[in-house]
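Chain residues, written in single-letter form:
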Amino acid sequence: MPHFTLPLMAASLLYMLAALLPAVLLLRFIYRQDRVEKEPAGLLALLLAAGVLAAACAGVVERPLQWLLELLFPGGGLVYTGLLAFVGVALVEEGAKFWLLRRLSWNSPHFNYRFDAVVYAVFLSLGFAAIENIRYIQAFGLGVALPRGLLAVPAHMCFGVFMGIFYGRAKLRAGRNDREGTRLNLCWAFGSAAVLHGVYDFCLMLDAAWGRIVFLVFVIFLYRRVYHLIRRESARDRPV
């Protein structure tokens, strides 16, 4: 029995490390960018756990939506792919993230700087990405670890950065009793993340050479833009 248990445990550990390492590295990066006032470990751990919960909730909603779309578009096609990417995946997943982010952090006394919102949204998003990555690697093996570590996990962080930037602006507007500005920025927080997620998935789902080219260009642009946004928002951090 021990002869079989040890290799099994070693393989499980390797799978876990491959799945979690990209998220851990990105979490460390975004945490280090929060230079004014670090967020409490308990709140960050709660947001990571909320990301796992968001993934579970999204999975429950996505299955019947995909079944419905397959029923409406039995032959697939471009419309089916677009609806699946933007509605069946992006709106559901970013909606679950945004709802939990708002519930858990909006009224927190620790949410007192604008960049805090980016940290919160990214931690929740990477909690989502980490558990999703574990599932994919368990299902398809270590061969998917590298492409997912370079694409899927950082992409979730990017969506979280956009969500967090507008979420922080909404908190700033709320502090000034600007209800319209608050609502507008909350809509942008959810909408920007959902649209970017939808474009990412739509290009990835396209079974065409031009789709892969567009996907590559989009990912390069997104990563460069997000990196500069993180540095800019960190440098210009201000109380809310």
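Structural data are supplied above this passage.
Report follows, based on the coordinates.

Reading the values: rules and limits
- Residue positions are given per chain, counting from 1 as you read along its sequence in written order.
- Reporting in this predicted model follows two pLDDT cut-offs: at least 70 for local features of residues, and 80 or more for side-chain atom pairs to be given and counted; totals over whole chains, interfaces and linings ignore these cut-offs and use all residues.
- Hydrogens and waters are ignored; side-chain quantities use all the structure's heavy atoms.
- The helix and strand labels rest on DSSP assignments: H or I over at least four residues marks a helix, E over at least two residues marks a strand, and numbering proceeds from the N terminus.
- Should any heavy atoms of two residues lie within 4.5 Å, those residues are considered in contact.
- Residues enter a patch when their relative accessible area is above 30% and they make no salt bridge; the linking distance is 9 Å between like charges and 5 Å between nonpolar side chains (Val, Leu, Ile, Met, Phe, Trp, Tyr).
- Throughout, the Shrake-Rupley method with a 1.4 Å probe supplies accessible areas, and for residues the shown protein chains are the sole cover considered.
- Any carboxyl oxygen of Asp or Glu that lies within 4 Å of a side-chain nitrogen of Lys or Arg is treated as forming a salt bridge with it.
- Counted charges follow a simple rule, with Lys and Arg positive, Asp and Glu negative, and His plus the chain ends left uncounted.
- Charged side chains are reduced to one point each, which is NZ for Lys, CZ for Arg, CG for Asp and CD for Glu.
- Each residue is assigned to one of three classes by its accessible area relative to the maximum for its type, calculated with a 1.4 Å probe on protein chains only: buried under 20%, partly exposed between the two thresholds, exposed over 50%.
- Here an axis means a line fitted to C-alpha atoms, over the contact stretch when the element is a helix, while the angle between two N-to-C directions is reported on a 0 to 180 degree scale.
- Throughout, a crossing is termed right-handed when the near helix is turned clockwise from the far one, and left-handed when it is turned anticlockwise from it by less than a right angle.
- Classification used: nonpolar for Ala, Val, Leu, Ile, Met, Phe, Trp, Tyr, Cys and Pro, charged for Asp, Glu, Lys and Arg, polar for all others including Gly.
- Here a pair means two rings of Phe, Tyr or Trp (six-membered ring of Trp) with centres within 6.5 Å. Their orientation is stacked below 30 degrees between planes, edge-to-face above 60, and tilted elsewhere.

## Let's talk about the environment of R148
- Assignment of secondary structure puts R148 in helix α5 (residues 145–150).
- Through-space distance from the C-alpha of R148 to that of G127 is 15 Å; in sequence the pair is 21 residues apart.
- Leaving out residues up to four positions away in the same chain, R148 has contacts with E132, N133, Y136, V153 and P154.

## Side note on a positive patch on the surface
- On the surface, R28, R32, R35, K38 and R231 cluster together into a patch of positive charge.
- Within the secondary structure, R35 sits in the loop between α1 (2–33) and α2 (41–72).
- Under the relative-accessibility criterion, R35 is labelled exposed at 53%.

## Points about the packing of helix α3 (residues 78–105) against helix α7 (residues 179–205)
- Where α3 contacts α7, the axes come no closer than 8 Å and their chain directions differ by 145°. Considering how the two elements wind past one another, α3 and α7 form a crossing that is right-handed.
- The class makeup of the residues in the contact of α3 with α7 is 17 nonpolar, five polar and four charged.

## Re the pattern of salt bridges
- Following the criterion strictly, the structure yields six salt bridges and no others.
- E94 is the partner of K97 in a salt bridge, and the nearest nitrogen-oxygen pair spans 3.0 Å. Of this pair, K97 and E94 both sit in helix α3, three residues apart, which is roughly one turn of the helix.
- R173 is the salt-bridge partner of D178, the closest N and O atoms lying 3.7 Å from each other.

## Side note on the packing of aromatic side chains
- The full count for this structure, using the stated rule, is twelve aromatic pairs.
- Considering the side-chain rings of F86 and F202, the 6.3 Å spacing of their centres and the 45° angle between planes classify their relative orientation as tilted. With F86 in helix α3 and F202 in helix α7, this pair connects stretches of sequence that are 116 residues apart.
- Considering the side-chain rings of W106 and F111, the 6.3 Å spacing of their centres and the 80° angle between planes classify their relative orientation as edge-to-face.
- One aromatic cluster is present, built from ring pairs that chain together F98, W106, F111, Y120, Y167 and F190.

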